[in-house]
Amino acid sequence: MSLWRQVTRGLRGLADRSRADQDAEDEVGHYLEQATADHLARGLSPEAARRAARLELGSVAAATEELRSYGWERAVDAVAADLRHAARRLRMEPGFTVVTILTLALGIGASTAIMSAVGPILFRSLPYPDANRIMAVWDVGSEGLPVETTFNTHRELRARTTAFDALAVFRPWQPTLTGSREPEQLEGQRVSWEFLRVLGVLPALGRDFDATDDRGGAAGVVVLSDGLWRRRFGADPAIIGRSVTLSDESYLVVGVMPRQFENVLAPAAELWTPLRYEPGEGRAWGHHLRMIGRLRPGESRDGAARDLAAIAGNPVPDFPRVAWAALDRGLSVTSLHEDLTRAARPALLALLGAATLLLVIACVNVANLLLARHARRRDEFALRATLGAGAGRLLRQAVTESLFLAGLGGAAGIALAVLGVRVLIALSPPELPRLSVVGLDTSVLVFAIGLTVLVGLVLGVIPARAAARMDAGGSRPATRHVVRSAGPARALLIVAQVALALVLLVCSGLLLRSMQRLLRMEPGFDADRRLAMQIRASGVRYADPDAARRYFGNVLEAVRSVPGVAAATLTSQLPLSGDLALYGVRIDPPVRDDQGEAGGTFRYAVSPGYFEAMGIPLRQGRLLDTGDRTDGVPVAVVSESFARRRLPNVDPLGRQVSIGDSEPFTIVGVVGDVRQVSLALSETDAAYITLDQGGSRDLTLSLIVRTDGNVSALADRVRQAVWSVDKDQPVVRVATMESLLSASGAERRFALVVFQAFALAALTLAAAGLYGMLSGSVAERTREIGVRAALGASPFRILALIVRQGMTPTVVGIGAGLVGAALTTRALTTMLFGTSPLDPATFLAVVALLLVVALVACAVPAWRAARVHPASPLRAE
Amino acid sequence: MTEPNTDVIQGTLDMLILKTLSLTPMHGFGIARRIEQISRSVFKVNPGSLLVALQRLERAGWLDAEWRRTDHGRRARFYSLTRAGHKQLDLETADWTRRVSAVARLLKAEG
């Protein structure tokens, strides 16, 4: 009841202020009238009665005001009045207002967007129970780099480890689903049977794999994702126990994963089947499997690493090893979360740093703007203090104004953040892990709002405190000598701003140079006007190696007859495509005693003509040709680095080399090195053999087509040509070699684009800050400059004075920034390519850029100052 | 030497207003005079405080307020007690009586 009255009466008062005022006036007026009448009745003269009544009531105005100011709605009124006043003031200075709001929006927006994007990737744990117990295990390669492991290594570790509850290996799988509807190429994974146990997520329907599913001769079973189950099988629970046809083979569906299951190891995977490797098979020794494990409860990462190291260093007869999987460099154990984010971590941390830097720059800039503005408003504040505005009132006004500004800036910032997150997601490279968890979340929103209020309060205190000081000496309004007191503080802010901007600019400059170097990097093959696509011989009809060989031969012929095709070739591996497998190498007789140390090599089974089609140059001997068939002498061509590292100081031609578990090949030629994994990584060795002599294992091949015309127009005709041979075979991963090249730099480019945006923002803010500070100080010193001019200072001297005044803090800031940048850029080392973190060219260019910006920012107000008429400031007084 | 203190005892103004209005509805000035008369000028009500208090009690739902025209054509605000106001008056009276008798006992007590 009473609350209801409070609210309704208050709202009524707010809605109709004049009526509320009238009520108060009438009530007091009536009281006065009654009092007067009362005194009259007691026999006073009318005059005396009125006076007595007045006396009784005290000040009529005060009483009315007291009555009028009752109620919560009056506090609202007061705040509204402050806000109105603030808005009016800000409208009077549109330049200042717009710059301040944009500055705040940039700072708050950028930092919120980055926090939103980076926070979850780096810090949110993986979506599995006890996710911190899931580890990634890698073999260690020749250069200490992590290498995929072999099935037999996993088999040995699984049997011998005591640190893990479950240990699983997996590889990509791309089966073709056929049946009642059109064939569909699916993304899946072949996994050892404990895979889902390691992740700790079991199927929602049906059962998990067990050990009997994962044996050489076992019947095919498959677990489906919720998405695939709904899309292809109408979410029919009776799917469990039914058969599906995948790449012409029959698989029994045994389970369906829960809807919320997120597979961070292969986000696109929609079905899983056991590996079904046997230890005796050749592929069981191939380095092409990734390994994850779930630690026993209470076991630590270090404990597990020690356990695996002990196993690696202590072979037992039950588990014989081969030279290329001898585990003599040990095994690496990291948490899965760290493993997934390792590649992106430096870039993401750099982003966080850049965002923080930009926020600090924005705050410095706004503080600077507010100080300059306050200096301009000193007269106004002094006048108001003289007219009786209390210190509290002035403080409230100042704080309201800056909170109002911060609120507007914050709102614009949040809008910018929402937009920024979208842009970040759109720009980010697909390899960026856990992109699905990125989004503007509420905690980040709260963070942004908190930040806004904090910035508002902190920035409000500066002019507010100055205003309070002014109030103490309020009897001397408009004294100009106090203007100087803000000078050193502002010069310091300029120093800070220039220094911070320099750090940010140097960082982005270094990334830009790295990018240029990287793009100028020769990939070792010619990417121009070349098209690549993956084709395969899948299904039982190609179980016979000869059938597959015939199929690929026919495909090549069909593609070569397509108009516009200048050359076509097949290869088992495509450089820069992301799925490459390492093989062990044995040279017989050995040239080096320590040939195991040289690590694995990439094995390319290619059709003759591969080198010509790819533009890979011959260095020595001969290329593979059509004569190198099944019935001929097995021959291989190796890369320059292969020859240099494994066959030092000898003629590589004529040497015998085994790749994996193959028969020895005779080396007949040496070709140029090719960037295989990425443009940035130093080349690994490569050995090339013909498809014919490579055996039957290569059923998924990349087709490379060179054309003299338009490369993208060709894709469809080539695909039709493949289908003209067998319409049931999928053709996937169609891409130009150019796009593979540029994808290889995607992560760096992403970081670069973001850093460029930051650097541009920092440069803008620094320029705006310098200009604002200098033009403000010139405006304040108009009188002094006029006096100087009147005393005979030439325009040139005045120009020099102003420029000197602006450039001094700039130069100091550049000095401080250089030190800061030298310390900061070391953190970027992992992201730089062929560029020193102290690259002098970058540092010089950034310093020059900042000097030019500062000079321009000085020149405009200086030019204005030089033209001040000696008499004008006197008139202004 | 000093004039006698005519301030209303702190915290009792609401009760005095409620009591006064429990007899008959009246306007602000009437309430002030009535309190003065009945207390035989021991209490003089400050008009400013009285009018604000009336506003507050009205907001609290203990009084109803109504604008009427006086004979002189002026708008005057007449206040009357609501049911909630009656209850509140009872509460405050009981509370006051309890406290006054406690004070009286304390003052009478010896040694």
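Rules and cut-offs
- Residues numbered from 1 in each chain as written.
- Chains lettered and ligands numbered in written order.
- Predicted model: local features only at pLDDT ≥ 70, side-chain atom pairs only at ≥ 80, totals over all residues.
- Helix = DSSP H or I, 4+ residues; strand = E, 2+ residues; numbered from the N terminus.
- Buried ≥ 20, exposed ≤ 12 C-beta atoms within 10 Å, placed from the backbone.
- Contact = placed C-beta atoms within 7 Å.
- pLDDT = per-residue confidence, 0-100.
- Pairing = 2+ DSSP bridges.
- Axes fitted to C-alpha atoms, helices over the stretch in contact; angles between N-to-C directions.
- Parallel < 35°, antiparallel > 145°, perpendicular 65-115°, else oblique.
- Left-handed = near helix turned anticlockwise from the far one by under 90°.
- Nonpolar A, V, L, I, M, F, W, Y, C, P; charged D, E, K, R; others polar.
- Core = buried A, V, L, I, M, F, W, Y, C linked by C-beta atoms within 7 Å.
- Expected span 1.5 Å × (residues − 1).

Concerning the overall build of chain B
Within chain B, the secondary structure is distributed over 4 helices and 3 strands. N-terminal to C-terminal, the α/β element order of chain B is α-β-α-α-β-β-α. The buried share of chain B, reckoned over its 111 residues, is 26%. The long-range fraction of contacts in chain B, counting pairs at least 24 apart against all pairs at least 6 apart in sequence, stands at 51%.

Remarks on the confidence of the model for chain A
Detailed reading of predicted coordinates is not advised where the pLDDT is low. Summary statistics for chain A give a mean pLDDT of 81 and a share of 88% for residues scoring 70 or more. Contacts of residues 471-485 of chain A to residues separated by more than four positions or lying in other chains number 18 contacts, the stretch itself having pLDDT below 50.

Brief notes about the pairing of strand 15 (residues 565-571) of chain A
All names here are of chain A. Counted residue by residue, strand 15 has 5 buried out of 7 residues, so it is predominantly covered. In this structure, strand 15 lies alongside strand 24 (residues 700-707), joined through 6 bridges in antiparallel fashion. Bridging from a neighbouring strand, Thr 571 pairs with Ser 702 of strand 24.

Let's talk about the sheet that holds strand 2 (residues 63-69) of chain B
All names here are of chain B. The sheet built from 3 strands is open, its strands ordered 1-3-2 with antiparallel pairing. Unpaired on one side and paired on the other, strand 1 (26-27) and strand 2 mark the two borders of the sheet. Relative to strand 3 (residues 75-81), strand 2 is paired through 7 bridges, and the arrangement is antiparallel. Directly across from Leu 63, in strand 3, lies its bridge partner Leu 81.

Remarks on the packing of helix 16 (residues 545-560) of chain A against helix 19 (residues 711-725) of chain A
All names here are of chain A. The geometry of helix 16 relative to helix 19 is characterised by a closest axis approach of 9 Å and an angle of 140° between their N-to-C directions. Compared by their axis directions, helix 16 and helix 19 come out oblique. Helix-helix and strand crossings are classified by hand; for helix 16 and helix 19 the assignment is right-handed. Within the contact between the two elements, helix 16 uses Tyr 551, Asn 554, Val 555, Ala 558 and Val 559 and helix 19 uses Val 718, Ala 721, Val 722, Ser 724 and Val 725. Of the residues that constitute the contact of helix 16 with helix 19, the class distribution is 8 nonpolar, 2 polar and no charged.

As for the interface of chain A and chain B
At the interface, 22 residues of chain A touch 17 residues of chain B. Broken down by secondary-structure element, the contributors of at least two residues to the side of chain A that touches chain B are helix 1 (2-15), helix 2 (17-41), helix 3 (46-57) and helix 4 (60-68) of chain A. Tallying contributions element by element places helix 2 of chain A first for the side of chain A that touches chain B, with 10 residues.

Overview of unusual backbone geometry
Residues and elements named next belong to chain B. You will see that Arg 40, though not glycine, has its phi angle at about 50°, which is positive. Assignment of secondary structure puts Arg 40 in the loop between helix 2 (28-38) and helix 3 (47-60). Although it is not a glycine, Ser 41 sits at a positive phi angle of roughly 65°. Position of Ser 41 relative to the elements: it lies in the loop between helix 2 and helix 3.

Digging into the nonpolar core
One recurring pattern in soluble globular proteins: nonpolar side chains tend to sit buried together. Residues and elements named next belong to chain A. By size, the foremost hydrophobic cluster in this structure holds 100 residues, and its most contacted members are Ala 354, Leu 358, Ala 501, Leu 502, Leu 504, Phe 758 and Ala 762. Residue contributions to this core peak at 22 residues, all from helix 12 (residues 345-386). Apart from residues no more than four positions distant in its own chain, Phe 758 is found in contact with Ala 110, Ala 354, Leu 358, Leu 504 and Ser 508. Counting residues in hydrophobic clusters, the runner-up holds 59 residues, among them Val 637, Phe 642, Leu 647 and Ala 686.

Some details on the pairing of strand 21 (residues 656-659) of chain A
All names here are of chain A. The alternating pattern of strand 21 places Val 657 and Ile 659 on a buried face and Gln 656 and Ser 658 on a face that is not buried. Across 4 bridges, strand 17 (residues 585-588) lies against strand 21 in antiparallel orientation. Pairing of Arg 586 across the sheet is with Ser 658, part of strand 21. In this sheet, strand 22 (residues 665-671) lies alongside strand 21 in antiparallel orientation, the contact comprising 2 bridges. Each bridged residue has a counterpart across the sheet, and for Val 657 the counterpart in strand 22 is Phe 665. Between the end of strand 21 and the start of strand 22, which pair antiparallel, lie 5 residues, with Gly 660 showing a positive phi angle near 65°.

Things to note about helix 2 of chain A
All names here are of chain A. Taking 1.5 Å per residue, 25 residues should reach 36 Å; helix 2 reaches 36 Å between its end C-alpha atoms and fits that length. Buried within helix 2 we find Ala 20, Ala 24, Glu 27, Val 28, His 30, Tyr 31, Gln 34, Ala 35, Thr 36 and His 39. One or two steps after helix 2, the chain reaches Gly 43, where phi turns positive at roughly 100°.

Re the confidence of the model for chain B
All names here are of chain B. With 95% of its residues at a pLDDT of 70 or more, chain B shows a mean pLDDT of 86. The secondary structure element of chain B with the lowest average pLDDT is strand 2, at 86, and the one with the highest is helix 4 (residues 83-108), at 92. Quick note on the complex model: pTM equals 0.63, ipTM equals 0.88.

What about the packing of helix 2 of chain A against helix 3 of chain A?
Residues and elements named next belong to chain A. Where helix 2 contacts helix 3, the two axes come as close as 8 Å, and the packing angle between them is 130°. The orientation of helix 2 relative to helix 3 falls into the category oblique. Relative to helix 3, the crossing made by helix 2 is right-handed. Here Tyr 31, Leu 32, Ala 35, Thr 36, His 39 and Leu 40 of helix 2 lie close against helix 3, whose contacting residues are Pro 46, Ala 49, Arg 50, Ala 52, Ala 53, Glu 56 and Leu 57. Grouping the constituent residues of the contact of helix 2 with helix 3 by class yields 9 nonpolar, 2 polar and 2 charged.

Some thoughts on the environment of Pro 146 of chain A
All names here are of chain A. By the element assignment, Pro 146 lies in strand 2 (residues 146-147). Placed 187 residues apart in sequence, Pro 146 and Val 333 show a C-alpha to C-alpha distance of 9.9 Å. If we ignore the near neighbours within four places in the chain, the residues touching Pro 146 are Trp 138, Val 140 and Ser 332.

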